[in-house]
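Spelled out from the first residue to the last, the chains are:
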Amino acid sequence: DLVVLAVMYSSGARAQEICNLTLRDISYDENNNAILTLIGKGEKSRRVKITADTTKILNQYLSSRKIGLDNYIFSSQRNEKMSVSCIEEIFEKYIKIAKEQNPDKFCSGRYTPHVMRHTTATHLIEAGVPLAIVKNILGHTSILTTQIYLDISQQTIDDSIKQWNEKWFDN
């Protein structure tokens, strides 16, 4: 479960893209960070580098599974390929636990695997990654689609206002 969720967050991948991921879709850069080739909507492919920490747990998972090149990375208990509904179940399980432990951290509404993609996009933008790069990471054709993810957190807004005040009004 950890590997599925970490790879989803680190790559900004859709649930279906995670389900379709095979060993052949993973390559490595000069620093041994994994680069995933994700096949998105309209069969468009994109390459997304994941973090070093996520690469480490993915590699541990892969070495324990002994997967062939054309086999799917993530399987379910019954099938060689994990389904979107299986990812949704994993997500629901951990959302329930997190809500029980931290009820004040949640807004109303459903939390789906797509929310993870939204969170990744928002965190990238908050970290200063240009919108055009976030667009490419998410595999969007138009930057207008990516702008949907410009949901900046209240903490980021508060920090930005504080910095502005300190820079221009603090005597």
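Chemist: Can you break down the pairing of strand 3 (residues 45–49) residue by residue, with the values?
Modeler: Along any regular strand, the residues point their side chains to alternate faces of the sheet. What you see with strand 3 is a clean split: Arg 46 and Val 48 sit on the buried side and Ser 45, Arg 47 and Lys 49 on the side with no burial. Relative to strand 3, strand 2 (residues 34–39) runs antiparallel, the two sharing five bridges. Residue pairing for strand 3: Ile 35 is matched across the bridge by Lys 49. Joining the antiparallel neighbours strand 2 and strand 3 is a turn of five residues, in which Gly 42 adopts a positive phi near 70°.

Chemist: I'd like a rundown of the packing of aromatic side chains, residues and numbers included.
Modeler: The full count for this structure, using the stated rule, is three aromatic pairs. Residues Phe 106 and Tyr 111 carry aromatic rings whose centres are separated by 5.2 Å and whose planes lie at 80° to one another, so their mutual orientation is edge-to-face. On the accessibility criterion, Tyr 111 (21% relative accessible area) is partly exposed.

Chemist: How would you summarise the nonpolar core if you had to cite specific residues and measurements?
Modeler: Counting 29 residues, the largest nonpolar core has Ile 18, Leu 36, Leu 58, Ile 73, Phe 74 and Ile 87 as its most contacted members. Going through the elements one at a time, helix 1 (2–11), helix 2 (15–20), strand 2, helix 3 (52–65) and helix 4 (84–101) are the ones with two or more residues in this core. Beyond its immediate chain neighbours, meaning those up to four positions away, Ile 18 contacts Val 4, Val 7, Met 8, Ser 11, Ala 13, Phe 74 and Ile 87. Ranked by size, the runner-up nonpolar core spans five residues in total, among them Ile 125, Val 134, Leu 138 and Tyr 149.

Chemist: Which residues make up the pairing of strand 2, and what values go with them?
Modeler: As paired strands, strand 1 (residues 26–28) and strand 2 are joined by three bridges and run antiparallel to one another. The residue bridging Ile 26 from the neighbouring strand is Leu 36, located in strand 2. Hairpin connection from strand 1 to strand 2: five residues lie between these consecutive antiparallel strands, with Asn 32 at a positive phi of about 65°.

Chemist: Describe the pattern of salt bridges, listing the residues and the values that go with them.
Modeler: What the rule picks out here adds up to six salt bridges. Among the ionic pairs, Asp 70 bridges to Arg 24, the shortest N-O distance being 2.8 Å. Note that Asp 70 is positioned in the loop between helix 3 and helix 4 and Arg 24 in the loop between helix 2 and strand 1, a separation of 46 residues in sequence. Residues Glu 166 and Lys 162 are paired through a salt bridge, measuring 3.5 Å at the closest nitrogen-oxygen approach. Highlighted residues: Glu 166 and Lys 162, both in helix 8 (residues 154–168), separated by four residues, approximately one helical turn. Connected through salt bridges with shared partners, the residues Arg 14, Glu 17 and Arg 46 form a single ionic network.

Chemist: An account of the packing of helix 1 against helix 4 is needed here, citing residue identities and associated values.
Modeler: What describes two packed helices is the angle between their axes and the distance between those same axes. Orientation of helix 1 relative to helix 4, taken along the N-to-C sense of each, is 95°, at an axis distance of 11 Å. Of the possible angle classes, the one that applies to helix 1 and helix 4 is roughly perpendicular. For the pair helix 1 and helix 4, the contacting residues are Val 4, Leu 5 and Met 8 in the first and Ile 87, Ile 90, Phe 91 and Tyr 94 in the second.

So, how was this worked out
- Residues numbered from 1 in each chain as written.
- Predicted model: local features only at pLDDT ≥ 70, side-chain atom pairs only at ≥ 80, totals over all residues.
- Heavy atoms only, no water.
- Buried < 20%, exposed > 50% of the residue type's maximum accessible area, 1.4 Å probe, protein only.
- Helix = DSSP H or I, 4+ residues; strand = E, 2+ residues; numbered from the N terminus.
- Pairing = 2+ DSSP bridges.
- Phe/Tyr/Trp six-rings, centres within 6.5 Å; stacked < 30°, edge-to-face > 60°.
- Core = buried A, V, L, I, M, F, W, Y, C linked by side-chain atoms within 4.5 Å.
- Contact = heavy atoms within 4.5 Å.
- Salt bridge = Lys/Arg side-chain N within 4 Å of Asp/Glu carboxyl O.
- Axes fitted to C-alpha atoms, helices over the stretch in contact; angles between N-to-C directions.
- Parallel < 35°, antiparallel > 145°, perpendicular 65-115°, else oblique.

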